Amino acid sequence: MSRPVEIGGAGLAELTCARLLAGRGHRVRLPPPGPGAAGAGATGARPLLLAGPALELLDSLWGPGLLDGTWEVTHRQVRWGDGPPTRFAQASRVVDGAEVAVRMRERLAEHGMDEGSTDPPEGPAGWVVTARAVPERAAGRRRLLAGTAPLRPGADERTAVLGTAEAGWALLTPLGRGAALVQAMVPGPAGDPVALLARLAAETGLGALLRHPPRSAAAVPAAPLLHPAPATAPAGDAPGRLLVGAGAIRYDPLSGTGTAQALRTGILAAAVIDAAVRGTAAPRALCAHYAARLRAAYVEHQRSCARLYGSAFAGPAWSDELDGARNAVAVG
């Protein structure tokens, strides 16, 4: 009997990998729910705006109903650079990523795949799948600012609005019940995130949609990142290791495809392990293929970042970020 697969966390990519592996007959060991895992006891909402590819993947992988009760956004309005605003239909869902992970875990438990419902597989792991990794140097220093604020009465609660100013872009995402998530991207660390987020909201016109700007805000690193060693083959008694989700690759939030890419890493990791256990190909070759697939996706994403940011931000503040994107493409 093959050694079990250790799932090192409870993020969307990790749980998706677990579901696929179990469906192919592999023994899967999940971490116990608790603080720090996106299961029972997890704290802290993680709002996500999911559109086309992410919604399609979640439905095909997890079946219908996973996102029931989440807020539906039907349109998107974009003013990029000096161009006029453009409004178009885009079916989306606003979800709490932590809550979606809880729902995924509940579905795993229904099939006897959770620690609370059955004895976990015993023995040393043959592979470890995790999104937790030592942070590597990102291709840039930009920060994503985020806070919530109330919408003005009568504001459209079904349209996400994106605009740009000299310092960066800002995005307003309706959360339902008169609330909105306000995010902004700036080219470096922010000494006063609240004031800077309010400034970007005003300069992009989003402030006119709010009763007042966010009164608290977080600032997190948001430049694209690719781990230099996302896959390691088993060696002796040491298990193989596959990084998934943001531990392996991080997309700029502007793309709106970060969640879809995270899910794809979980799908690819499951395929690598399944092929290795069945002897379809050598584990080292499979790990090299995994790393090459992520590298290709990362280079293409950086190419898009260089094109989009270069068309909107011509000032010196963004020059280092643009150089980082172009260099990533050049060495890809």
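These lines cover the structure that appears in this document, whether it is placed above or below. Since the model is a prediction, treat every value here as computed from it, not as a measurement. (Residues numbered from 1 in each chain as written. Predicted model: local features only at pLDDT ≥ 70, side-chain atom pairs only at ≥ 80, totals over all residues. Heavy atoms only, no water.)

## Regarding the sheet that holds strand β13 (residues 231–232)
Reading across the sheet, the 5 strands line up as β2-β1-β6-β14-β13 and stay open at both edges, with mixed pairing between neighbours. At either margin of the open sheet sits one strand with a lone partner, and together these are β2 (28–29) and β13. Taken together, the 4 bridges between strand β6 (residues 127–130) and strand β14 (residues 240–243) define a ladder with parallel strand orientation. Note on β14: the bridge partner recorded for Val-129 is Leu-242. (Pairing = 2+ DSSP bridges. Helix = DSSP H or I, 4+ residues; strand = E, 2+ residues; numbered from the N terminus.)

## Some remarks on the environment of Ile-7
Tracing the backbone through its elements, the reader meets Ile-7 in strand β1 (residues 5–7). By relative accessible area, which is 1% here, Ile-7 ends up buried. Between the C-alpha atoms of Ile-7 and Asp-274, which are 267 residues apart in sequence, the distance is 14 Å. Residue contacts for Ile-7: discarding those within four places in its chain leaves Glu-14, Ala-18, Val-28, Arg-29, Leu-30, Pro-31 and Val-129. (Buried < 20%, exposed > 50% of the residue type's maximum accessible area, 1.4 Å probe, protein only. Contact = heavy atoms within 4.5 Å.)

## Looking at the pattern of salt bridges
Tallying each qualifying case throughout the model produces 8 salt bridges. For Asp-156, the salt bridge is made with Arg-87, and the minimal N-O distance between the two is 3.6 Å. Residue Asp-156 is located in the loop between β7 (143–150) and β8 (159–165), and its partner Arg-87 is located in strand β5 (residues 86–96); the two are separated by 69 residues in the primary sequence. Residue Arg-199 pairs with Glu-203 through a salt bridge whose shortest N-O separation is 3.1 Å. Taken together, the residues Arg-199 and Glu-203, both in helix α4 (residues 193–203) and 4 residues apart, mark about one turn of the helix. (Salt bridge = Lys/Arg side-chain N within 4 Å of Asp/Glu carboxyl O.)

## Re the nonpolar core
Of all hydrophobic cores here, the largest spans 55 residues; its most connected members are Leu-15, Leu-58, Trp-62, Met-104, Trp-127, Leu-242 and Tyr-290. Counting residues per element, the ones that place at least two in this core are β1, α1 (12–23), α2 (52–62), α3 (97–110), β6, β14, α5 (258–278) and α6 (283–312). Here this core gets 10 residues from one element, more than from any other, and that element is α5. Leave out the neighbours within four places in its chain, and Leu-242 touches Trp-127, Val-128, Val-129, Thr-130, Pro-230, Ala-231, Ala-269, Val-272, Ile-273 and Tyr-290. (Core = buried A, V, L, I, M, F, W, Y, C linked by side-chain atoms within 4.5 Å.)

## Focus: the environment of Trp-318
Among the secondary structure elements, Trp-318 is positioned in the loop between α6 and α7 (319–331). Judged by relative accessible area, which is 1%, Trp-318 ranks as buried. Once residues within four sequence positions are removed from consideration, Trp-318 is found in contact with Arg-142, Glu-166, Ala-167, Gly-168, Met-185, Val-186, Pro-187, Tyr-309 and Phe-313.

## Brief notes about the layout of surface pockets
Roughly 340 Å³ of internal volume is contained in the second largest pocket. Together, 17 residues line the second largest pocket, and Arg-137, Ala-138, Ala-139, Tyr-298 and Gly-324 are the ones closest to its centre. Of all elements in the fold, only α6 and α7 reach the threshold of two or more residues within the lining of the second largest pocket. At 7 residues, α7 tops the list of elements feeding residues into the lining of the second largest pocket. Across the lining of the second largest pocket, the residue classes break down as 7 nonpolar, 4 polar and 6 charged. (1 Å grid on protein atoms, 1.4 Å probe; cavity = no way out; pocket = protein on both sides within 12 Å on 5 of 7 lines; lining within 4 Å. Points joined across faces, edges and corners; volume = space filled by probe spheres on them. Nonpolar A, V, L, I, M, F, W, Y, C, P; charged D, E, K, R; others polar.)

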